[in-house]
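Structural overview
This is what each chain is made of:
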Amino acid sequence: MTTSNKKLSLTLRIVIGMAAGIAVGFFFQMLLAGADERHLSLLGLSIPLKAFFVDGIFHVGGEIFIASLRMLVVPLVFVSLVCGTCSLSDTSKLGRLGGKSIGLYLITTAIAISFAIAAALLIGPGVGVDMQSDATYDVSSAPTLAQVFINIFPNNPIQSMASGNMLQIIVFAVLFGLAVALSGKTGERIAAMFTDFNEVIMKLVTLLMNLAPYGVFFLMAKLFTTLGFSTIASLLKYFLVVLTVLVIHGLVVYPVLLKALSGLNPVIFLKKMRDAALFGFSTSSSNATLPVTMETVNKKLGVNNSISSFTVPLGATINMDGTAIMQGVATVFIAQVFGVDLTLTDFLMVILTATLASIGTAGVPGVGLIMLAMVLQQVGLPVEGIALIIGVDRLLDMTRTAVNITGDAMVSCVVAKSEGELDIDIYNNPRAGEKDETIDFHHLKDQT
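Below or above, wherever it landed, is the structure these notes cover. (Residues numbered from 1 in each chain as written. Predicted model: local features only at pLDDT ≥ 70, side-chain atom pairs only at ≥ 80, totals over all residues. Heavy atoms only, no water.)

**What to know about helix α9 (residues 212-226)**
Using the following cut-off: Secondary structure elements follow DSSP: runs of H or I of four or more residues count as helices, runs of E of two or more count as strands, with numbering from the N terminus. Multiplying 1.5 Å by the helix residue count minus one yields the expected span of that helix. Buried residues are those whose accessible area, probed at 1.4 Å on protein chains only, stays under 20% of the maximum for their type, while exposed residues exceed 50% and partly exposed ones sit between those limits.
With 15 residues, α9 extends 21 Å between its outermost C-alpha atoms, agreeing within 8% with the 21 Å of an ideal straight helix rising 1.5 Å per residue. Those residues of α9 lying buried are A212, P213, G215, V216, L219, M220, A221, L223, F224 and T225.

Structural data, given as structure tokens:
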């Protein structure tokens, strides 16, 4: 048996890292329960266990992993989008791509929040819940509609890249790519350079993916050491309703839409999204997971870079189906806790506000809570109700991210299929994209 055959798949290694991290987290939570000052004797020194492991090794390891992924986001989005834009033979195609992508993202968000509201009304997670109603929570105000449109266009693209403002980076990259495409021989040389640059960045993504099991272990270990399960128990019904709707949306709604709109096999799609979904679950960030999502969409699902370079970064910015589901259930939950009866008109306003706000608040820090505050204010519910659910939001946020990136990939496949830019052979090949999954470092060392 060859060495490559003995290696575990990336998916299995991530699952092992995640399971080990959860187990270690539970162990430390029990070990530190009621005794924050437990110490470890090391080389004659007394070291606090929590400071050494939880706030030290686990925290540092997890943060380095997240930072390494985020490091790639801006160069990956900019370079791949420039490559995709300058390769378009028909520049009017950009308008179609934008219309289809934004339209599909808004439709899936509307479906998500409608489904969430229906499930919450049916189950009633807030009925009979006796919680403090004097809780407070300060949430940043959302930008006005006029300011949203102004903020889309960068006045300093370098500053936009430094701050990671995705919408501004997308706009600048598209304009730059169009300029390259229209610059004749000079543009061809620059396009070739960006194509090579894109290959190098994707190889760097592959290298970092090999560190994923270790990064996931550190993230899970810290989370489950500090996670307050007493809070989850008090909000168990709400927690389970949100979680159930998220799982159904990701495993049922997306596959149905994929089959209906493109005719593609949804089972193949879900199998190939496993790695990216695990990354999203462990990082809780669509932007941090973006390099992995891009590689999955390109190499495993067969979407041409001219499509994925636009749809995936755009989806990571404005596609908030998971957040919309949380908002739908949270709105009903808070209304039931405070004894407020919402009318059909109120629910329609919730759906409309949350759907449009997914674009309007894109890129704003704490966007999920800002959107929820907007929704609550729209139907006259106290914004302070957000404080009731914030305790369990961290764990639900992990699932929301996995759902969001699955939606990004689904829309990319549908748009690519409609534009004739999807390689069916790659999509149907169960081994597509796996050849670069692991790097033989010993072989690289021998070569040097």
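**A look at the nonpolar core**
Short version of the rule: To define a nonpolar core, start from buried Ala, Val, Leu, Ile, Met, Phe, Trp, Tyr and Cys residues and group those joined through side-chain atoms within 4.5 Å. What makes two residues a contact is simply this: any of their non-hydrogen atoms within 4.5 Å.
Core analysis: the biggest nonpolar cluster contains 116 residues, and Y238, F269, C413 and Y427 have the highest contact counts within it. The element contributing the most residues to this core is helix α3 (residues 49-86), with 13 residues. Dropping the residues within four chain positions of it, F269 is found in contact with L258, L301, T406, A409, M410, C413 and Y427. In terms of nonpolar packing, the next biggest core, distinct from the first, is built from 6 residues, F28, L49, V54 and A221 among them.

**Brief notes about a nonpolar patch on the surface**
Put simply, the rule is: Patch definition: residues above 30% relative accessible area lacking any salt bridge, with like charges linked at up to 9 Å and the nonpolar side chains Val, Leu, Ile, Met, Phe, Trp and Tyr linked at up to 5 Å. For accessible areas, the Shrake-Rupley method is used with a probe of radius 1.4 Å. Any residue's cover is judged against the shown protein chains and nothing else. One speaks of a salt bridge when a side-chain nitrogen belonging to Lys or Arg is within 4 Å of a carboxyl oxygen belonging to Asp or Glu.
Where nonpolar side chains cluster on the molecular surface, the patch consists of V247, I248, L251, V252 and V256 and spans about 400 Å² of accessible area. As for its position among the elements, L251 is in helix α11 (residues 236-262). The class of L251 is exposed, set by a relative accessible area of 53%.

**A short note on the pattern of salt bridges**
As enumerated under the stated definition, the model contains 5 salt bridges in all. Salt-bridge contacts for K300 lead to D275; the nearest nitrogen and oxygen are separated by 2.9 Å. Pair noted here: K300 is in helix α14 (residues 286-300) and D275 is in helix α13 (residues 274-283), with a separation of 25 residues, a long-range link. When sorted by exposure, K300 lands in the same class as D275, which is buried. E295 is the partner of K299 in a salt bridge, and the nearest nitrogen-oxygen pair spans 3.5 Å. Here E295 and K299 lie together in helix α14, a separation of 4 residues that amounts to about one turn. Judged by relative accessible area, which is 9%, E295 ranks as buried.

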